[in-house]
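Architecture at a glance
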Amino acid sequence: MDNRTLLLDVAVRAFSRKGYDGAGVQEIVDLAQVTKPTLYHYFGSKLGLLEAVLSYGYVDLMPALQMAADYHHDLPKSLTDIFRTYIQHAAGRPHFTRMRLAMQFTPLESEASQVVQPYEDRQQQLLEQMFEAAVVDHGNMRGRSRLYAASYLGLISSCISLWLKERVRFDEEFIYRTVHQFMHGIYS
């Protein structure tokens with residue numbers, strides 16, 4: 001593993017354990033067994049490292065989410081596909097997922113928030129677009145896409161957080177029940 005990849009791996013683990021502000025550059029370079037100049041060579045700063053971690057961690061999630069959120073007149077399937085996309089990503093990148101979920105609550109004024117916000121906004125936007133497209137088939141949902149997208153993302157994040165803590169298992173029954181429970185709320 002090259003030093004850049006090693007630093008990304010160590011950083012995502014440190015950020016997932018201690019948060020961005022809690023994990024120091026010295027700790028990260030010590031764990032990676034490299035020097036600070038090596039980290040600065042690749043990333044320029046701790047914030048640059050976070051930017052690279054996010055870019056690397058989201059590289060496969062965002063295209064998969066965009067595909068899952070492409071509405072094809074089957075709302076239960078779209079919601080299930082979106083949920084599965086997040087589950088698959090979490091299973092493949094549990095440390096990144098833990099970090100990503102924690103960073104949703106980063107103070108707005110923090111430097112980390114400025115870097116994280118575009119990724120959160122894009123996820124919200126993709127789900128809003130899916131709900132807006134579904135209005136054609138479900139007119140009662142008109143004007144609620146922002147709330148539905150935020151609610152569904154919150155539900156998914158809560159479920160994944162429980163999974164990361166080994167409090168739930170993602171089997172077909174759990175996925176089905178979660179999606180259908182959400183749908184009962186939006187159909188009313």
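Basis of the calculations
- Residues numbered from 1 in each chain as written.
- Predicted model: local features only at pLDDT ≥ 70, side-chain atom pairs only at ≥ 80, totals over all residues.
- Heavy atoms only, no water.
- Phe/Tyr/Trp six-rings, centres within 6.5 Å; stacked < 30°, edge-to-face > 60°.
- Helix = DSSP H or I, 4+ residues; strand = E, 2+ residues; numbered from the N terminus.
- Buried < 20%, exposed > 50% of the residue type's maximum accessible area, 1.4 Å probe, protein only.
- Lys NZ or Arg CZ within 6 Å of the ring centre and 35° of its normal.
- Axes fitted to C-alpha atoms, helices over the stretch in contact; angles between N-to-C directions.
- Parallel < 35°, antiparallel > 145°, perpendicular 65-115°, else oblique.
- Left-handed = near helix turned anticlockwise from the far one by under 90°.
- Contact = heavy atoms within 4.5 Å.
- Salt bridge = Lys/Arg side-chain N within 4 Å of Asp/Glu carboxyl O.
- 1 Å grid on protein atoms, 1.4 Å probe; cavity = no way out; pocket = protein on both sides within 12 Å on 5 of 7 lines; lining within 4 Å.
- Points joined across faces, edges and corners; volume = space filled by probe spheres on them.
- Nonpolar A, V, L, I, M, F, W, Y, C, P; charged D, E, K, R; others polar.

Attention now goes to the packing of aromatic side chains. One pass over the full model with this rule turns up 10 aromatic pairs. Ring geometry for Tyr-152 against Phe-182: centres 4.6 Å apart, planes inclined by 45°, an arrangement best described as tilted. Of the two residues, Tyr-152 is situated in helix H9 (residues 145–164) and Phe-182 in helix H10 (residues 172–187); the sequence distance between them amounts to 30 residues. Of the two residues examined, Tyr-152 and Phe-182, each falls in the buried class. An aromatic cluster is present here, built from Phe-83, Trp-163, Phe-170 and Phe-174 joined pairwise through their rings. Directly above the ring of Tyr-20 sits Lys-46, whose terminal nitrogen or CZ lies 4.5 Å from the centroid. Taking the ring centre of Tyr-56 as reference, the NZ or CZ of Arg-93 above it sits at 4.8 Å.

This part covers the environment of Gln-125. The topology assignment puts Gln-125 in helix H8 (residues 111–134). When the C-alpha atoms of Gln-125 and Ala-149 are compared, they prove to be 8.0 Å apart, with 24 residues separating the residues in sequence.

Let's shift gears to the packing of helix H4 (residues 46–58) against H8. Each packed pair of helices is defined by two parameters, the angle between the axes and the distance between the axes. It is at 9 Å that the axes of H4 and H8 come closest, and there the two elements cross at 15°. Relative to H8, the element H4 is oriented roughly parallel. Pair H4 / H8 crosses with right-handed handedness. For the pair H4 and H8, the contacting residues are Leu-47, Leu-50, Glu-51, Leu-54, Ser-55 and Tyr-58 in the first and Glu-111, Ala-112, Val-115, Val-116, Tyr-119 and Gln-123 in the second.

Scanning the model with the defined rule gives 9 salt bridges in all. With its nearest N and O atoms 3.4 Å apart, the salt bridge here joins Asp-60 to Arg-93. With Asp-60 in the loop between H4 and helix H5 (61–68) and Arg-93 in the loop between helix H6 (75–92) and helix H7 (94–103), this residue pair connects regions lying 33 residues apart in the sequence. Classification of Asp-60 as partly exposed rests on a relative accessible area of 38%. Arg-93 gets classed as buried once you look at its relative accessible area, which sits at 19%.

All right, on to the layout of surface pockets then. By volume, the largest pocket is sized at about 330 Å³. Contributing elements (two or more residues each) for the lining of the largest pocket: H7, H8 and H9. For the lining of the largest pocket, the residue count by class is 4 nonpolar, 7 polar and 3 charged. Mapped by element, the contributors of at least two residues to the lining of the second largest pocket are helix H1 (3–22), H4 and H7. When residues in the lining of the second largest pocket are grouped by element, the largest group, 5 residues, is from H1. A breakdown of the residues in the lining of the second largest pocket according to their chemical character gives 6 nonpolar, 4 polar and 3 charged.

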